[in-house]
Amino acid sequence: MADLLLIASLAGRRIAFPAADVEAVVELEGLTPAPGAAAHVAGLSALRSRVLTVIDGLASLEFGRSGEKAGLHQAIIVPSGGHTYALLVDEVEDVVEAAGAPSPVNAPLGAGWERVAIGMVEAESELFLLIDPHRLIAGPAARAA
Amino acid sequence: MDELINDFIAETRDMLQALAGAIVAWEAAPQDRARLDEIFRFVHTVKGNCGFFELPRLERLSHAAEGALADVRAGTRTADTRLVNAVLAVIDRIGELVLALESGESLASEDDEQLIAALAREEAAPAAQPEAAAVPEAEARKSVRSIRLSVDLLDRMMNGVSDAVLARNELARRLRDAPRDVAVEAAFERVSACIAEIRDGITRTRMQRIDSLFAGLPRMVRDLSAELGKQVRLQADGGDVELDREMIEMIRDPLTHIVRNSIDHGIESPDERLAAGKPKAGILKVSARQAGNQILIEVADDGRGIDGEALVRNARAAGLISAEQAEKLTPSQRTALVFAPGLSTAGEVTAISGRGVGMDVVRANIERIGGVVDVDSKASQGVRLCIRVPLTLTIIPALTVSAGGQVFAIPRSAIDEILRIGGGAVRFDRVGEAEVAMVRGRRMPAIGLESLLGVEAALPREEQKIILLKPAGGDVYALIVDSVHDHEELVVKPAAPAVMAAGLYAGTTLADDGRPILLLDPSGMAKQAGIRFDEGEIDRALLAQADESEAQDRISTLLLFRMLDGTRRAVPVTAVERIEDVAVESIAFSAGRLRVALGGRILPLAGCEAAPGTEKLRVLRLTDGESEIAYGFAEVIDIRSFVLDLQPAAAPGEVAGAFLVDGAQVELLDPYWLFAAHADGAADEGAPPVCALPVGDPWIDNMLRPLIESLGYRIARAGDCADVVIALEGDEIGAETGEVVRLRSQPEAGAGGDASIYRYDRAGLIGALSRARGRADG
């Protein structure tokens, strides 16, 4: 009955994703740039012979770009619209049970968060911002739609 | 037993499918022994199997058909329409029965007798005929067995194998770092080879030749046209294009629908066609080809075309467009209304393609797989429908290149040529911010891949490579890359929308080492780089180019080859249609000269006096646009571009002159003379008018001379008295010559308002010639 949440940190905030949207959490090895692609696309990577489109969570929030990190990137794998995406986050923490249904946030979240947030949700007596990974994938360009 | 029955069902179904084309071909040519044998083998095999499985109905049917066909094979009976129809009916029934057997349903049996009776001879019941020459069982069983698999399962296998490849690569890296052990390495090599083989197999399982889509068409066209009382000839082409299975299934229905529409609405009845001055039988052409990053499937008929007016009327009536909009529609927009939902030009509802439903569904289905469908219609000339589906999900041959340290793939089909920059064959000019490459006298826009992608070039210009790309529907441009790696066959998948938004890519793929590679889209790159391919501009550019400089005019691309006697000769590649090997048996001295049978035609054969002693003769098929001649030779040496310094031959003949290649003499063929001397119907009676041309100018020799000669002039030899003289700007003309026609190289007339004619003004030139000749005669 209780929804599972994946707790991660992005842009210095602890956030939650609905675990149902998430296929896996992986460490990405290697990143192929995709010049000319939308700004929040960090590049391409491969996972078990599937091509992943790597989304820079920070850039999608229009908070700048994640710096070049050497070696492994921790990423959340989300299938969306027939393609598989890897969301780059600062850190993935844990999967926890939500204490209740998400509720709307009645305070200003800031432009970037406003676009991707579903609401806030309580888990393990802490309050998290619940993020829709699909909106994070769609990026800033989708705002107009 | 069940398993055996299933095998039998699958095998029979396969054979039926393979047979569909043969049946129609046999009907068209009942004398075709090969087809007859094929059909006979089918019923024979079915009969044999049925006996084994105790399927009496199938056995009776196939036995009856076999008996009738055996009579035909034995020559005691001719295959008339009645017999063909009866055999087809029996084969159809066999198909139905097999289907029923598979699904466990029962099928009414009463009219089996009718079918069998229809096979009987009109005058007498078929005498029990001893089985004609026993067909070897192995041959009859040659059809491939098949099973059905879900594409999901194939996908899973594919992913599994790809993972195995990655694991192998990882292992290879580890092995390189570890101390050498020959035994381990040998074992690894074996595993490696196995994985490669499995991967290849699995990849192929997803691919299917588009043949399988076309195989059902002959039968469908036959049945439909018979039903509608029309005559339709189907021409299918390009069946060897490979497409993803899934894609083929997605295209099947739309294609069927389009073909039905063409036969039902497009192609007229035989009477109408005769009245319109067309041959009785309509032609339906279905072709497939790979064009750049797309597979193109074209369905063209020569029927009445789409009635644009009627479409607009209907669209107005249906309230789809306003009167104002209707006014503004261009002809092509009108035709495109055929895709609007609920519209049709069909005057009445027919059983074949119904009314109003169809083309909108066709378009929706094609668009769902990322394709495009275009329609082009000419009143009373026919309709051409073009389906373009993306090559995503298809395997395409590609070239991997790198720019700014990153690897990309380019579809091979769009690549014209790969050149080194340092080689001197290429020159770059900077015009404003744009770069223009000059390759063998040809100018084209150049794009640096690295600047297009906004990355740093890894190499200086001189060390880079250029790739001449010819995107579908565009003109050639030069793409500059750092280096060219390898030819690979890649399984291309669609890229995410956020990546496709760049407009540069056609999809993604995985390299052998598991890294993703982006597949570049040649037309997309041209568009992003701002290259315009306005047709008018291209024409002007070409014309300007043709006039640009003397030196450019003198460059000819020649095919160098060795004659049977070892002589080296050359011919302009523009005159060569293709090169083919012909069996010497097809060469004969007939109707007064040496001729060769080639692809269903008989062509005059030049270049050798008699059929050579070898098994095969290689021939050049030369064309002047209308007639063709074959020219026998031994081997191709090279294709090269030359600045010709031709020493003209002493007298006109097969050889126009000689020039030097790498220090050795090569004779240049005179295609004009060859056609005049050899082409059928070229011999002209009576004394033709004589025209004198400037000597030694390749433009004159290659372009003007054939034109003048096609007008019935003989080209003056030295000492001839010419009726008409053609001169270029600045040429001095002796006083004793005939009427003079002067050509200029600029489209605009000179300031003096002289009477010269622009050299590409064909109509003006022809007019001037006939006027000049009139004056000369008078």
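Residues numbered from 1 in each chain as written. Chains lettered and ligands numbered in written order. Predicted model: local features only at pLDDT ≥ 70, side-chain atom pairs only at ≥ 80, totals over all residues.

1. Some details on the interface of chain A and chain B
By a frequent convention, interface size equals the accessible area lost on bringing the separate parts together.
Then step 1. Residue-level contacts link 19 residues of chain A with 21 residues of chain B.
Then step 2. Elements with a contribution of two residues or more to the side of chain A that touches chain B: strand S4 (41-47), strand S5 (50-56) and strand S7 (83-88) of chain A.
Then step 3. Looking at which element gives the most residues to the side of chain A that touches chain B, the answer is S4 of chain A, with 4 residues.
Then step 4. The residue inventory of the side of chain A that touches chain B, partitioned by class, reads 10 nonpolar, 8 polar and 1 charged. (Contact = placed C-beta atoms within 7 Å. Helix = DSSP H or I, 4+ residues; strand = E, 2+ residues; numbered from the N terminus. Nonpolar A, V, L, I, M, F, W, Y, C, P; charged D, E, K, R; others polar.)

2. Considering the sheet that holds strand S9 (residues 117-123) of chain A
Strand-to-strand pairing in sheets goes through backbone hydrogen bonds, with the strands running parallel or antiparallel.
Residue and element names in this part refer to chain A.
Then step 1. Across the sheet, which stays open at both edges, the 5 strands sit in the order S8-S1-S2-S10-S9 with mixed pairing between neighbours. Each edge of the open sheet carries a strand with a single partner, namely strand S8 (91-97) and S9. Along the sheet, successive strands turn relative to each other by an average axial angle of 35°, direction set aside.
Then step 2. Note: strand S1 (residues 4-10) against S8, 6 bridges, orientation antiparallel. Directly across from Leu4, in S8, lies its bridge partner Glu97. (Pairing = 2+ DSSP bridges. Axes fitted to C-alpha atoms, helices over the stretch in contact; angles between N-to-C directions.)

3. Overview of the packing of helix H3 (residues 56-74) of chain B against helix H4 (residues 81-103) of chain B
Residue and element names in this part refer to chain B.
Then step 1. Where H3 meets H4, the axes come as close as 10 Å, and the angle between the chain directions of the two elements is 155°. As the angle between them shows, H3 and H4 are arranged roughly antiparallel. Considering how the two elements wind past one another, H3 and H4 form a crossing that is left-handed. Two secondary-structure elements touch here, H3 through Arg57, Leu58, Leu61, Ser62, Ala64, Ala65, Ala68 and Leu69 and H4 through Leu83, Val87, Val90, Arg93, Ile94 and Leu97.
Then step 2. By residue class, the composition of the contact of H3 with H4 is 11 nonpolar, 1 polar and 2 charged. (Parallel < 35°, antiparallel > 145°, perpendicular 65-115°, else oblique. Left-handed = near helix turned anticlockwise from the far one by under 90°.)

4. Things to note about the environment of Ser377 of chain B
All names here are of chain B.
Then step 1. Of note, Ser377 is situated in strand S6 (residues 372-378).
Then step 2. Overall, Ser377 belongs to the buried group, with 23 C-beta atoms counted inside 10 Å.
Then step 3. Between the alpha carbons of Ser377 and Asp301 there is a distance of 9.7 Å; along the sequence they are 76 residues apart. (Buried ≥ 20, exposed ≤ 12 C-beta atoms within 10 Å, placed from the backbone.)

5. Things to note about the sheet that holds strand S33 (residues 724-728) of chain B
Then step 1. Read across the open sheet, the 5 strands follow the order S32-S31-S33-S34-S35 (chain B); overall the sheet is parallel. Edge positions in the sheet fall to strand S32 (714-715) and strand S35 (757-758) of chain B, since each has one partner strand and no second.

6. Concerning the pairing of S1 of chain A
All names here are of chain A.
Then step 1. Direction of pairing for S1 relative to strand S2 (residues 13-18): antiparallel, over a ladder of 6 bridges. Its bridge partner lying in S2, Ile7 is registered against Ala16.
Then step 2. Hairpin remark: S1 followed by S2, antiparallel, with 2 residues in the connecting loop; positive phi at Ala11, about 50°.

7. A word on the packing of H3 of chain B against helix H5 (residues 112-119) of chain B
All names here are of chain B.
Then step 1. At a minimum axis distance of 9 Å, the contact between H3 and H5 shows a crossing angle of 10°. Judged by the angle between their axes, H3 and H5 are roughly parallel. Listed contacts from H5 to Arg57, Arg60, Leu61, Ala64, Ala65 and Ala68 of H3 are Asp112, Leu115, Ile116 and Leu119.
Then step 2. A breakdown of the residues in the contact of H3 with H5 according to their chemical character gives 7 nonpolar, no polar and 3 charged.

8. Some remarks on unusual backbone geometry
Residue and element names in this part refer to chain A.
Then step 1. One non-glycine residue with positive phi stands out, namely Glu124, at about 45°.
Then step 2. One can find Glu124 in the loop between S9 and strand S10 (126-131).
Then step 3. Exposure remark for Glu124: the 12 C-beta atoms within 10 Å place this residue in the exposed category.
Then step 4. Positive phi, normally seen in glycine, also occurs at Ser125, with a value near 55°.
Then step 5. Note that Ser125 resides in the loop between S9 and S10.
Then step 6. With 6 C-beta atoms counted inside 10 Å, the residue Ser125 sits in the exposed group.

9. Focus on H4 of chain B
Owing to its 3.6 residues per turn, the α-helix aligns residues three or four sequence positions apart on the same side.
Then step 1. Given a rise of 1.5 Å per residue, 23 residues ought to cover 33 Å, and the 33 Å separating the end C-alpha atoms of H4 of chain B matches this to within 8%.
Then step 2. Those residues of H4 of chain B that sit buried are Leu83, Ala86, Val87, Val90, Ile91, Arg93, Ile94, Leu97, Val98 and Leu101 of chain B. (Expected span 1.5 Å × (residues − 1).)

10. A closer look at the nonpolar core
Then step 1. Val54 of chain A together with Leu479 of chain B are the most contacted members of the largest nonpolar core, which totals 86 residues.
Then step 2. No other element matches strand S15 (residues 477-481) of chain B, which puts 5 residues into this core.
Then step 3. Apart from the residues lying within four places of it in its own chain, the contact partners of Leu479 of chain B are Ile447, Leu449, Ile466, Ile467, Leu469 and Met525 of chain B.
Then step 4. Formed by 36 residues, the second largest nonpolar core is a distinct cluster that contains Phe214, Val232, Leu284 and Ala288 of chain B. (Core = buried A, V, L, I, M, F, W, Y, C linked by C-beta atoms within 7 Å.)

11. Looking at the confidence of the model for chain B
Interpreting fine coordinate detail is not advised for predicted regions of low pLDDT.
Residue and element names in this part refer to chain B.
Then step 1. Counting all residues, the mean pLDDT for chain B is 75, and 80% of those residues have values of 70 or more.
Then step 2. In the model, residues 347-357 has pLDDT below 50 throughout and makes 17 contacts with residues more than four positions away in sequence or in other chains.
Then step 3. Confidence over residues 681-686 falls short of pLDDT 50; this stretch has 3 contacts with residues more than four positions distant or in other chains.
Then step 4. Interface confidence in the predicted complex, given as ipTM, is 0.85; pTM for the same model is 0.44. (pLDDT = per-residue confidence, 0-100.)

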